[in-house]
Amino acid sequence: MTAILIDGKAIAQDLRANIAKAAADLSQQHGIVPGLAVVLVGADPASEVYVRSKSKAVIDAGMRSFDHKLPDTTSQADLIALIGRLNADKDVHGILVQLPLPDHIDSSVVLNTIDPGKDVDGFHPVNAGRLATGQRALVPCTPYACVLLAKRVHGSLAGLNAVVIGRSNIVGKPLAQLLLAENATVTIAHSKTRDLPGVCRRADLLFAAVGRPEMVRGDWIAPGATVIDVGINRVPGDAGKTKLVGDVAFAEAREIAGAITPVPGGVGPMTIACVILNTLRAACAGAGLPEPQV
Ligand code: NAD
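The present account deals with the structure reproduced in this document. Computed from a predicted model, the values in this text were never measured in an experiment. (Residues numbered from 1 in each chain as written. Predicted model: local features only at pLDDT ≥ 70, side-chain atom pairs only at ≥ 80, totals over all residues. Heavy atoms only, no water.)

**So, the side chain of T279**
Alright, step 1. As for its placement among the helices and strands, T279 is situated in helix α10 (residues 267–286).
Alright, step 2. For T279, a relative accessible area of 0% corresponds to the buried category.
Alright, step 3. Other than its neighbours up to four places away in sequence, T279 contacts P34, G35, L36, M63, H93 and V120. (Helix = DSSP H or I, 4+ residues; strand = E, 2+ residues; numbered from the N terminus. Buried < 20%, exposed > 50% of the residue type's maximum accessible area, 1.4 Å probe, protein only. Contact = heavy atoms within 4.5 Å.)

**Things to note about the site of the ligand**
Alright, step 1. Taken together, 22 residues form the shell around the ligand, and within it T142, R167, S168, V230 and I232 come nearest.
Alright, step 2. S168 is positioned such that a nitrogen or oxygen atom in its side chain is 2.5 Å from an oxygen atom of the ligand.
Alright, step 3. The protein chains hide 72% of the 860 Å² of surface that the ligand would expose on its own.
Alright, step 4. Residue composition of the shell around the ligand, by class: 10 nonpolar, 10 polar and 2 charged. (Near = heavy atom within 4 Å. Polar contact = N/O pair within 3.5 Å; in protein donor to acceptor, adjacent residues only side chain to side chain. Areas by Shrake-Rupley, 256 points an atom, 1.4 Å probe, with all protein chains shown as cover. Nonpolar A, V, L, I, M, F, W, Y, C, P; charged D, E, K, R; others polar.)

**A look at unusual backbone geometry**
Alright, step 1. A cis amide bond links L99 with the next residue in sequence, P100, at an omega value of 0 degrees.
Alright, step 2. Relative to the assigned elements, P100 resides in the loop between β4 (94–97) and α4 (107–111).
Alright, step 3. A cis amide bond links V263 with the next residue in sequence, P264, at an omega value of 0 degrees.
Alright, step 4. In this structure, P264 sits in the loop between β11 (259–260) and α10.
Alright, step 5. Even without being glycine, E214 reaches a positive phi, approximately 55 degrees.
Alright, step 6. Assignment of secondary structure puts E214 in the loop between β7 (205–208) and β8 (226–229).
Alright, step 7. Of note in this structure, A239 is not a glycine but carries a positive phi near 50 degrees.
Alright, step 8. Inspection of the secondary structure assignment puts A239 in the loop between β9 (233–236) and β10 (242–245).
Alright, step 9. You can call A239 exposed: its relative accessible area is 78%.

**Side note on the nonpolar core**
Alright, step 1. Counting 58 residues, the largest nonpolar core has M63, L179, F207 and L280 as the members making the most contacts within it.
Alright, step 2. Every element with two or more residues in this core is listed here: α1 (8–30), β2 (35–41), α2 (45–60), α6 (141–154), β5 (161–165), α7 (172–181), β7 and α10.
Alright, step 3. In terms of residue count, α10 provides more of this core than any other element does, 12 residues in total.
Alright, step 4. Those residues in contact with F207, other than ones at most four positions away along the chain, are C146, A150, A162, V163, V164, I165, L175, L179 and I228. (Core = buried A, V, L, I, M, F, W, Y, C linked by side-chain atoms within 4.5 Å.)

**Some words on the layout of surface pockets**
Alright, step 1. Its boundaries defined by the atoms lining it, the largest pocket holds a volume of some 1,200 Å³.
Alright, step 2. Y50, T142, I232, G268 and T271 are, among the 42 residues lining the largest pocket, the residues nearest its centre.
Alright, step 3. Elements supplying a minimum of two residues to the lining of the largest pocket: α2, β4, α6 and α10.
Alright, step 4. Tallied by class, the residues present in the lining of the largest pocket amount to 25 nonpolar, 11 polar and 6 charged. (1 Å grid on protein atoms, 1.4 Å probe; cavity = no way out; pocket = protein on both sides within 12 Å on 5 of 7 lines; lining within 4 Å. Points joined across faces, edges and corners; volume = space filled by probe spheres on them.)

**So, the sheet that holds β11**
Whether parallel or antiparallel, the strands of a sheet pair through hydrogen bonds between backbone atoms.
Alright, step 1. Reading across from one edge, β1-β11-β8-β7-β5-β6 is the order of the 6 strands in this open sheet, with parallel pairing throughout. The sheet is open, and its two borders are formed by β1 (4–5) and β6 (185–189), each paired with just one other strand.
Alright, step 2. Pairing geometry for β1 and β11, over 2 bridges, is parallel. By the bridge assignment, I4 is partnered in β11 with A259.
Alright, step 3. On top of the sheet, α6 reaches β7, β8 and β11; it is set at about 155 degrees to β8, its chief contact. (Pairing = 2+ DSSP bridges. Axes fitted to C-alpha atoms, helices over the stretch in contact; angles between N-to-C directions.)

**A word on the pattern of salt bridges**
Alright, step 1. In this structure the tally under the stated criterion is 10 salt bridges.
Alright, step 2. Among the ionic pairs, K56 bridges to D60, the shortest N-O distance being 2.8 Å. On the criterion of helical spacing, the pair formed by K56 and D60 is a turn pair, its members being 4 residues apart in helix α2.
Alright, step 3. Using a relative accessible area of 52% as the deciding quantity, one classes K56 as exposed.
Alright, step 4. In this structure, D91 and R64 form a salt bridge, with 3.6 Å as the shortest nitrogen-oxygen distance. Here R64 lies in strand β3 (residues 64–70) and D91 lies in the loop between α3 (76–88) and β4, a separation of 27 residues in the sequence. (Salt bridge = Lys/Arg side-chain N within 4 Å of Asp/Glu carboxyl O.)

**Some thoughts on the packing of α1 against α6**
Alright, step 1. Packing of α1 against α6 brings their axes to within 11 Å, and their N-to-C directions diverge by 100 degrees. It follows from the interaxial angle that α1 and α6 lie roughly perpendicular. Along its contact with α1, which presents G8, I11, D14 and L15, the element α6 presents L148, L149 and R152.
Alright, step 2. Residue composition of the contact of α1 with α6, grouped by class: 4 nonpolar, 1 polar and 2 charged. (Parallel < 35°, antiparallel > 145°, perpendicular 65-115°, else oblique.)

**Brief notes about α6**
Alright, step 1. For α6, with 14 residues, the first-to-last C-alpha span of 20 Å sits near the 20 Å given by 1.5 Å per residue.
Alright, step 2. Along α6, the positions that sit buried rather than exposed are C141, T142, P143, Y144, A145, C146, V147, L149 and A150.
Alright, step 3. G155 occupies a position one or two residues after α6 and carries a positive phi of about 70 degrees. (Expected span 1.5 Å × (residues − 1).)

Set out below in structure tokens:
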């Protein structure tokens, strides 16, 4: 069996069109144009690419983008002062501080100063707590993207066995919470898990968020399972170039799985779509409106 390819690019495009329509309705009916402020400290090339694609996605959706590019010598106090101004700015509905920050800045201190209602990355402990207790929350974009992709394949995830490999605060843990909220039966596996291949073989839904190139082999996957590969790993490619691979050995996995995301072109584009979705959701929640239906 060759797995169905879950086309994250096409699904993200579809979602972005729906978000743009909902944003236009919000503007027409309530005079609110959702705005996202993106803060980049330093000149990390990968971060710059990522920030540019977020800003473009925001503008394409008919929203406002406010970019703040700061030198890598920026002090923690100055960064916190900027966030204070963005928290108070009525045109800004979402604030995103691009990670990693330079070593002299404590990321968690900075992230905790973002107004939880504008925390479109969903990293603030208030949002983590809201997610864990089943309340309306801004949730981290990559796990959100993973769940939306899995729902595209299965509709309902209720009762499915989901295995999440990785327990980071930005992917693994919130992903497990989101899956629980979808009534999946959730196992979190990590670097100390015994018999990881055996644990993975029990999954109807397998999510790999480890950061180890092609660690998950074809024979770790139950026939017909859905595989969502979060990993982004740069490895040597042909002719002295590099290429991106996921945490799953794609060619092997594709012969066994029922559906699988590619890397690139799977979770990545959907993550960007979820940034603008969260900006729209933050704008609606801030105005006391119900969740947008997109
Ligand atoms: P992290 O390093 O914070 O966490 C990795 C997790 O993997 C840890 O919880 C660890 O316990 C687990 N792990 C490590 N070695 C393991 C092993 N041998 N067996 C089982 N588990 C093991 O990483 P992260 O920030 O959660 O990111 C994970 C991957 O996802 C990375 O490749 C990252 O680049 C990628 N990522 C992609 C997106 C996207 O938009 N597609 C977004 C965020 C992260």
